[in-house]
Amino acid sequence: MLTIIGCGNLNRSDDGVGVIIAQRLQQYLTEHPHPNVRVYDCGTAGMEVMFQARGTQQLIILDASATGSEPGAIFKVPSSELEALPEPSYSLHDFRWDNALAVGRKIFREDFPQDVIVYLIEAENLDFGLELSSVVQHSAEKVFQELISTLID
């Protein structure tokens, strides 16, 4: 089973790129069903990522990044380089997908995927807004097409 999870905030322009790709994949899968693929829009809910990833063999996470790199740059990173235990907090809103990966491994052990890849697309605009910038939209299309070709293989 392959699980693909889109993360981000649709109200913050390019931050919504992971969710937008996930929504496009969901639409694609309604027209081209694939029984071993699940796609979720987890928005900004890190805890949801942890529970949706449970029981899958392979996990792909899609999100925006803000590293100061060239806008639209695509990073395909093994999760071991990104997962991080959460800092002590009084709010579950601080629990992100990188925390979900680290905690999910501790809680679910062998029922949590070891094969995890994260696609990050460098944001150009994180201001309030509903549209992706053109450079991020172009990169989102590249990632979408790469994932579709993975499903076909």
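The structure under discussion appears in the preceding block.
Computed from a predicted structure; not experimentally measured.

Caption draft 1: Spotlight on the environment of M47. For M47, the position within the fold is in helix α2 (residues 46-53). Placed 19 residues apart in sequence, M47 and A66 show a C-alpha to C-alpha distance of 22 Å.

Caption draft 2: Broad picture of the side chain of T3. Position of T3 relative to the elements: it lies in strand β1 (residues 2-7). According to the relative accessible area criterion, T3 is buried, its value standing at 0%. Polar side-chain contacts of T3 include one of 2.8 Å to the side chain of R38. When sequence neighbours within four positions are dropped, the list of residues in contact with T3 reads R38, Y40, Q52, T56, Q58, L59 and I60.

Caption draft 3: Main features of the layout of surface pockets. Space inside the largest pocket adds up to approximately 190 Å³. For the largest pocket, the lining is made up of 14 residues, of which G43, T44, D63, R96 and W97 are closest to its centre. Counted by class, the lining of the largest pocket contains 4 nonpolar, 6 polar and 4 charged residues.

Caption draft 4: Inspection of helix α4 (residues 134-152) at higher detail. Along its 19 residues, α4 runs 27 Å from first to last C-alpha, staying within 8% of the 27 Å computed at 1.5 Å per residue. The set of residues buried in α4 consists of V136, S139, A140, V143, F144, L147, I148 and L151. Each element contacted by the buried residues of α4 is listed here: β1, α1 (17-31), β2 (37-43), β3 (58-65), β4 (74-78) and β5 (115-122).

Caption draft 5: Layout of the sheet that holds β4. Here 5 strands make up an open sheet; going across it, the order is β2-β1-β3-β5-β4 and the pairing mixed. The open sheet is flanked by β2 and β4, the only strands paired with a single partner. Between one strand and the next, the sheet's axes are offset by a mean angle of 20°, whatever the strand orientation. With 5 bridges connecting them, β1 and β3 associate as parallel partners. Each bridged residue has a counterpart across the sheet, and for I5 the counterpart in β3 is I61. Here α4 sits on the sheet in contact with β1, β2, β3, β4 and β5, set at roughly 155° to β5.

Caption draft 6: Local environment of the packing of aromatic side chains. For the coordinates displayed, the defined rule picks out 3 aromatic pairs. Between F51 and F108, the aromatic rings sit 5.9 Å apart at their centres with planes inclined by 65°, giving edge-to-face as the arrangement. With a gap of 57 residues between them, F51 in helix α2 and F108 in helix α3 (residues 97-108) connect regions that are remote in the sequence. With relative accessibility at 45%, the residue F51 sits in the partly exposed group.

Caption draft 7: Expanded view of unusual backbone geometry. Notably, S13 is not glycine yet its phi reads approximately 50°, a positive angle. Secondary-structure assignment places S13 in the loop between β1 and α1. The exposure class of S13 is buried, given its relative accessible area of 4%. Although it is not a glycine, R109 sits at a positive phi angle of roughly 50°. Checked against the element boundaries, R109 lands in the loop between α3 and β5. Take R109: its relative accessible area is 57%, and that puts it in the exposed class.

The rules behind these values
Residues numbered from 1 in each chain as written. Predicted model: local features only at pLDDT ≥ 70, side-chain atom pairs only at ≥ 80, totals over all residues. Heavy atoms only, no water. Helix = DSSP H or I, 4+ residues; strand = E, 2+ residues; numbered from the N terminus. Buried < 20%, exposed > 50% of the residue type's maximum accessible area, 1.4 Å probe, protein only. Polar contact = N/O pair within 3.5 Å; in protein donor to acceptor, adjacent residues only side chain to side chain. Contact = heavy atoms within 4.5 Å. 1 Å grid on protein atoms, 1.4 Å probe; cavity = no way out; pocket = protein on both sides within 12 Å on 5 of 7 lines; lining within 4 Å. Points joined across faces, edges and corners; volume = space filled by probe spheres on them. Nonpolar A, V, L, I, M, F, W, Y, C, P; charged D, E, K, R; others polar. Expected span 1.5 Å × (residues − 1). Pairing = 2+ DSSP bridges. Axes fitted to C-alpha atoms, helices over the stretch in contact; angles between N-to-C directions. Phe/Tyr/Trp six-rings, centres within 6.5 Å; stacked < 30°, edge-to-face > 60°.

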